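The chain contents come next:
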Amino acid sequence: MVGTKAWVFSFLVLEVASVLGRQRILTHSVRRVLPGKRTPSVFAKPADTRDRSLRRDSEHIWSPWSPWSKCSAACGHTGVQTRTRTCLAETVSLCTEATEEGQLCVSPTCTACDLTCPMGQVNADCDACMCQDFVLHGAVSLPGGAPASGATVYLLTKTPKLLTKTDSSGRFRVPGLCPDGKSTLKITKTKFAPIVLTMPKTSLKTATINAEFVRAETPYMVKNPETKARKAGQSVSLCCKATGKPSPDKYFWYHNDTLLDPSLYKHESKLVLRNLQRDQAGEYFCKAQSDAGAVKSRVAQLTVIAPDEAPCNPTPDSYLIRLPHDCFQNATNSFYYDVGHCPVKTCAGQQDNGIRCRDAVENCCGISRTEEREIQCSGYTLPTKVATKCSCQRCTETRSIVRGRVSAADNGEPMRFGHVYMGNSRVSMTGYKGTFTLHVPQDTERLVLTFVDRLQKFVNTTKVLPFNKKGSAVFHEIKMLRRKDPITLEAMETNIIPLGEVVGEDPVAELEIPSKSFYRQNGEPYTGKVKASVTFLDPRNISTATAAQSDFNFVNDEGDTLPLRTYGMFSVDFTDEVTSEPLNAGRVKVHLDSTQVKMPEHVPAMKLWSLNPDTGLWEEEGDFKFESQRRSKREERTFLVGNMEIRERRLFNLDVPESRRCFIKVRAYRSERFLPSEQIQGVVVSVINLEPRAGFSSNPRAWGRFDSVLTGPNGACVPAFCDDQSPDAYSAYVLASLAGEELQAVESSPKFNPNAIGVPQPYLNKLKYRRTDHEDPRVKKTAFQISMAKPSPNSAEESNGPIYAFENLRACEEAPPSAAHFRFYQIEGDRYDYNTVPFNEDDPMSWTEDYLAWWPKPMEFRACYIKVKIVGPVEVNVRSRNMGGTHRQTVGQLYGIRDVRSTRDRDQPNVSAACLEFKCSGMLYDQDRVDRTLVKVIPQGSCHRASVNPMLHEYLVNHLPMAVNNDTSEYTMLAPLDPLGHNYGIYTVTDQDPRTAKEIALGRCFDGTSDGASRVMKSNVGVALTFNCVERQVGRQSAFQYLQSTPARTPAAGTVQGRMTPRRQQQASRGGQRQRRWMA
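Being a predicted model, the structure only gives us computed values, none of them experimental.

> I keep staring at the packing of aromatic side chains and nothing clicks. Help me out?
For any pair of aromatic rings, the description rests on two quantities: the centre-to-centre distance and the angle between the ring planes. According to the stated counting rule, one finds 21 aromatic pairs in the structure shown. With a centroid separation of 6.1 Å and an interplanar angle of 75°, the aromatic rings of Phe552 and Trp703 are classed as edge-to-face. In this pair, Phe552 is assigned in the loop between strand 37 (529-537) and strand 38 (553-555) and Trp703 in strand 47 (residues 696-710), connecting sequence segments 151 residues apart. The two residues Phe552 and Trp703 agree in class, both being buried. Each residue in the set Tyr769, Phe784, Phe822 and Phe824 is aromatic and connected to the rest through ring pairs, giving one cluster.

Below is the structure:
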């Protein structure tokens, strides 16, 4: 391009060589630049009269010409100026004219310097004032007070002028500047944010300035553009914001990976698009840049529809709900019923005239019309509401919550009463059992938390935790490394500290701290004894993977977030042995044993990194260099040596950037039926990347990375390293948990069923799927391991999952349930929930405004349980039937039913108890008046009510109306409005997440207390109702035995598949006759 510019300029100069005097020269050369092949350095010739006529006829195809650029020559010389325009046509064939024109120009005649100086004289370049008798002295220090040697000092003019560099003491001296209070100095040093200072204003002959560097920090995106939808002709604003040291001063916007012209769109951190057209739909992201680097935002999707186009598909999607065990449907030959649902997505709804970064009203597709239907069951009918129309409406307001438990990685000891920080703010605290709760601030883009142990047992740990932006709670298990016992070092001696925790093997690396390397926070050298604690996380120990800090990501020079593969990380803590004052250390060396790097291609790419605790990103500290001989006894060894300083950051990583990346498609289900409608959202799916031992693909040598992702409505795509040359180059260990409970993976032995695993052959064999109990049935069944074989682009059977190339993330995210994927599932317990108005507790945005909604408020979920004691030789099923009691809109109508099987008391052979959920009394969705829910508690079988908790009975008597209880085989009440507690046998918990509210209430009910938690049933405490139940006759099935003996079948969406066999019809009929009275 430079050569082209030189050629054109030479040609233009020859054209005007014969012209006398310095006059403005008009264009003498022409070249057309075609759209899509624009060469900015080549200029176009003005069109002739015929061309201009044609251009007038096609003005609607082109944007107006831009103003002429400034003349490129210095004053009094001949140069070039240009102007450009853009083709607006969608068809490239119409864009055949020039997009850029150039003309010769003569810059204005040179004039005398017009810079005026309030003191001193103008310099020869006419860009600064100089005072010959003034001297500026300066002292520059590093963070903590150490001198900043080798820093460069500039005077900021039109072109920054190099003045001097600081000496070994961090001092500098500059004569000749003017103390005018206006001139600006800039001081720079590698790895630190530039210091910008204004000259002091003084009448003295000398002045002294002091400055301290701040560590440079790569820009970090704190606000990402939001996905939005508009109609053609409307306007939209997309915004991003980044922080860093120094703060980003440039922003660039991209549409479908194409840079938008800043001069055309006039954007900075805010991009405004007016009078939108359909072709402006697509993906947008921004890039923020500073002297310390760049960072890209997440991609936002802009949808633009025609003004008369429906913003949502009005036809609901299929959504199957499971029916009670005695409600088999002959029409579909299954226990499922299609109630429909509207996929929640952003839609183009009504907007006000304001153009904001965040829309004043967020619109989502949702259910706008339902139809009441009755489902025929065995001896009774079940009402339900089926979605019949979707439309664009205001999104349901939700909140995001993160809960968790913090404990030691080695033995599970909880971190009691520790602090949880988000940046510099303390946002939560752990309890006695190490649990914590955090409400995620609304604008949070990336949740970075630091867990600090006040008792100093554990290493302070920074984690990047995934959370559900659409609302609901997510539970995380936080594992922390135990702090290494401190040792004593002599500051005046060279100290060697090994880094490695595997018994019988050489250390991965060693820290070498030369003598006289320690200094205090103020920069003063330290010569006493040092109390040193260095804790190393050794990747050769697979059990340490969950204790890894952060998420192993860094931002490269282009602003892309990329992964790292670790060879170990270490935390350092140096203090004065007497005063416990933190100490810094300079000139520290890290000697990495190259024999520990089993992948040869990783050796030259190895780097030393430190963790930024505010962003959770790793930032480069330095490179490694080869050292073939370090000590006589190890002359044959080759080491990689890196240099570092230990100052404000105390956590370091031996890492390699790794570009071989893929995604694993994983889904979680409520049962082994693996129905798409029974997928679970909010499951934490974690992947540990494993490096295999040579020759043994199933026996990993070390782990290299740990990642966690949440499942959404379409599962999860979890990142992992992969290889297209060697399928065994990397393997992955995958596990999943929900609310602290580990989900089960599909078995691989003794049965190996590709249909159950979710991946067809022969790809499944290539991936070498193995559940953790494959060789030893005593091992937990909660994870699986695979070889990360990158899919071949030439193989049709490998193009449909479950492994996707990194560039095919969208295909992974949008893959249908029929595409290959790996599966986890919950062990199905003896309980069942049915809501008249369907609601997915994993997705608060699926909530519908309806008087019969089980949860009346989507931002507040109140769970109520009653404890029922069963005296009898066997466990029984207990049902609650919940109907409107006192509200005029719902009286006599069903809210829902709950079934649960009683749990045997460990100490009493003939006693069991059930914690049974019922719908709480209270306001309905319109918040107009309360409804006392009419709750009927019905044990299955031959049961007789023996007693009612006297305090509960007294409360109900004193809070009329009183429900009639003539049938001694059941119990009916108008549910209390007050949260009564364990003394009444009633357990009530309110939370912003329905699963959490139910989990806490269940724990209290099992324990029989109002503040405890247990999973062991205590049947003699906190009981509300007691029933005596006689044993069922031989040959009669329980409800859950009946359900298990009648396998569920999955119907095709909305179609009838086959017929019910006569035997099953007879069985269902007998079951219905037995249950008819119980269901009433």
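> When you look at a nonpolar patch on the surface in this model, what are you seeing that I'm missing?
A cluster of nonpolar side chains, Phe417, Met429 and Tyr432, forms an exposed patch at the surface whose accessible area comes to about 310 Å². Mapped onto the elements, Met429 comes out in strand 28 (residues 425-429).

> Hey, could you run me through helix 7 (residues 950-958) in this one?
Helical periodicity: at 3.6 residues per turn, an α-helix aligns residues three or four positions apart in one direction. Within helix 7 the residues assigned to the buried category are Leu952, Tyr955 and Leu956. The buried residues of helix 7 all sit within an arc of 95° when viewed along its axis, so they share a single face. Opposite the buried face of helix 7, by more than 90 degrees, sit the exposed residues Pro950 and Asn958. Those residues of helix 7 that are buried lie in contact with strand 66 (971-974) and strand 67 (986-991). If you check the start of helix 7, you find a side-chain oxygen 2.9 Å away from the backbone N of Met951, and it comes from Asn949.

> It is not clear to me how the pattern of salt bridges should be interpreted in this structure. Could you clarify?
Side chains that carry opposite charge are capable of pairing whenever their charged atoms lie near each other. Applying the stated rule across the entire model yields 55 salt bridges. Here Asp359 makes a salt bridge to Lys228, at a shortest N to O gap of 3.5 Å. Of the two residues, Asp359 is situated in the loop between strand 23 (336-338) and strand 24 (363-376) and Lys228 in strand 13 (residues 228-231); the sequence distance between them amounts to 131 residues. Residue Lys228 is classed as buried on the basis of its relative accessible area of 2%. In this structure, Glu798 engages Lys766 in a salt bridge whose closest nitrogen and oxygen atoms are separated by 3.2 Å. Linking Glu798 in the loop between strand 53 (783-787) and strand 54 (803-805) with Lys766 in helix 5 (residues 763-767), this pair joins segments that are 32 residues apart in sequence. Through salt bridges with shared partners, one network takes in Glu226, Arg358, Glu362 and Asp443.

> Help me understand helix 8 (residues 994-1007), please; the structure alone is not making it clear to me.
Counted at 1.5 Å a residue, the expected span for helix 8 with its 14 residues is 20 Å, and the 20 Å between its end C-alpha atoms agrees. With 11 of its 14 residues buried, helix 8 lies for the most part within the structure. Considered for burial, the residues of helix 8 that qualify are Pro994, Arg995, Thr996, Ala997, Lys998, Ala1001, Leu1002, Gly1003, Cys1005, Phe1006 and Asp1007. Backbone nitrogen of Arg995 and a side-chain oxygen of the N-cap are separated by 3.4 Å at the start of helix 8; the cap is Asp993. Following helix 8 by one or two positions, Gly1008 adopts a phi angle in the positive range, close to 75°.

> Honestly, the sheet that holds strand 30 (residues 448-452) in this entry has me stumped. Any pointers?
Consider a sheet: its strands pair through backbone hydrogen bonds, and that pairing is either parallel or antiparallel. Taking strand neighbours across the sheet as the criterion, the 4 strands line up as 28-27-30-31 in an open arrangement whose pairing is antiparallel. The sheet is open, and its two borders are formed by strand 28 and strand 31 (461-464), each paired with just one other strand. For this sheet, the mean inter-axis angle between neighbouring strands, taken without regard to orientation, is 30°.

> It is not clear to me how the sheet that holds strand 5 (residues 152-155) should be interpreted in this structure. Could you clarify?
Ordered in space as 6-5-8-9-11, the 5 strands form an open sheet in which the pairing is antiparallel. The two strands at the open ends of the sheet, each matched to only one other strand, are strand 6 (161-165) and strand 11 (214-215). Taken together, the 4 bridges between strand 5 and strand 8 (residues 184-189) define a ladder with antiparallel strand orientation. Looking across to strand 8, one finds that Val153 is bridged to Ile187.

> Is there a simple way to explain the state of the cysteines in this structure?
Such a bond, covalent and formed between the sulfur atoms of two cysteines, is termed a disulfide. Within the structure shown, the criterion is met by 15 disulfides. Between the sulfur atoms of Cys131 and its disulfide partner Cys178 the distance amounts to 2.0 Å. Taking the torsion about the S-S bond as the criterion, the Cys131 to Cys178 disulfide, at about 105°, is right-handed. Residue Cys131 is found in strand 4 (residues 129-141), and its partner Cys178 is found in the loop between strand 7 (171-177) and strand 8; the two are separated by 47 residues along the sequence. Looking at Cys131, the relative accessible area reads 8%, which means it is buried. Sulfur-sulfur distance for the disulfide between Cys312 and Cys365 comes to 2.0 Å. The disulfide joining Cys312 to Cys365 has a torsion of about -95° about its S-S bond and is therefore left-handed.

What counts as what
- Within every chain, residues take consecutive numbers counted from 1 along the sequence as written.
- Only residues with pLDDT of at least 70 are given local features in this predicted model, and only at 80 or more are side-chain atom pairs given and counted; all residues enter the totals for whole chains, interfaces and linings.
- The side-chain figures draw on all heavy atoms in the structure; neither hydrogens nor water molecules are used.
- In this scheme Phe, Tyr and Trp rings, the latter by its six-membered ring, pair at centre separations within 6.5 Å, and the angle between planes marks the pair as stacked below 30 degrees, edge-to-face above 60, and tilted otherwise.
- Numbering goes from the N terminus for both helices and strands, where a helix is a DSSP run of H or I of at least four residues and a strand is a run of E of at least two.
- Buried residues are those whose accessible area, probed at 1.4 Å on protein chains only, stays under 20% of the maximum for their type, while exposed residues exceed 50% and partly exposed ones sit between those limits.
- For patch detection, residues must exceed 30% relative accessible area and be free of salt bridges, and they are connected within 9 Å for like charges or within 5 Å for nonpolar side chains (Val, Leu, Ile, Met, Phe, Trp, Tyr).
- Note on areas: Shrake-Rupley with a 1.4 Å probe; residue coverage comes only from the protein chains shown.
- We define a salt bridge as a side-chain nitrogen of Lys or Arg found within 4 Å of a carboxyl oxygen belonging to Asp or Glu.
- Starting at the helix axis, one direction is taken to each C-beta atom, and the arc is that of these directions.
- Residues are treated as being in contact if the distance between any of their heavy atoms lies within 4.5 Å.
- Throughout this description, a polar contact denotes any pair of N or O atoms lying within 3.5 Å of each other; where both atoms belong to protein, one of them has to be capable of donating a hydrogen while the other can accept it, and for residues adjacent in sequence the pair is counted only when both atoms sit in side chains.
- Expected helix span is given by 1.5 Å per residue-to-residue step, counting one fewer step than there are residues.
- Strands qualify as paired when DSSP identifies two bridges or more between them.
- To get an axis, a line is fitted to the C-alpha atoms, and for a helix only the part in contact is used. The angle between two axes follows their N-to-C directions and goes from 0 to 180 degrees.
- Criterion for a disulfide: a pair of cysteine sulfur atoms at a distance within 2.5 Å.

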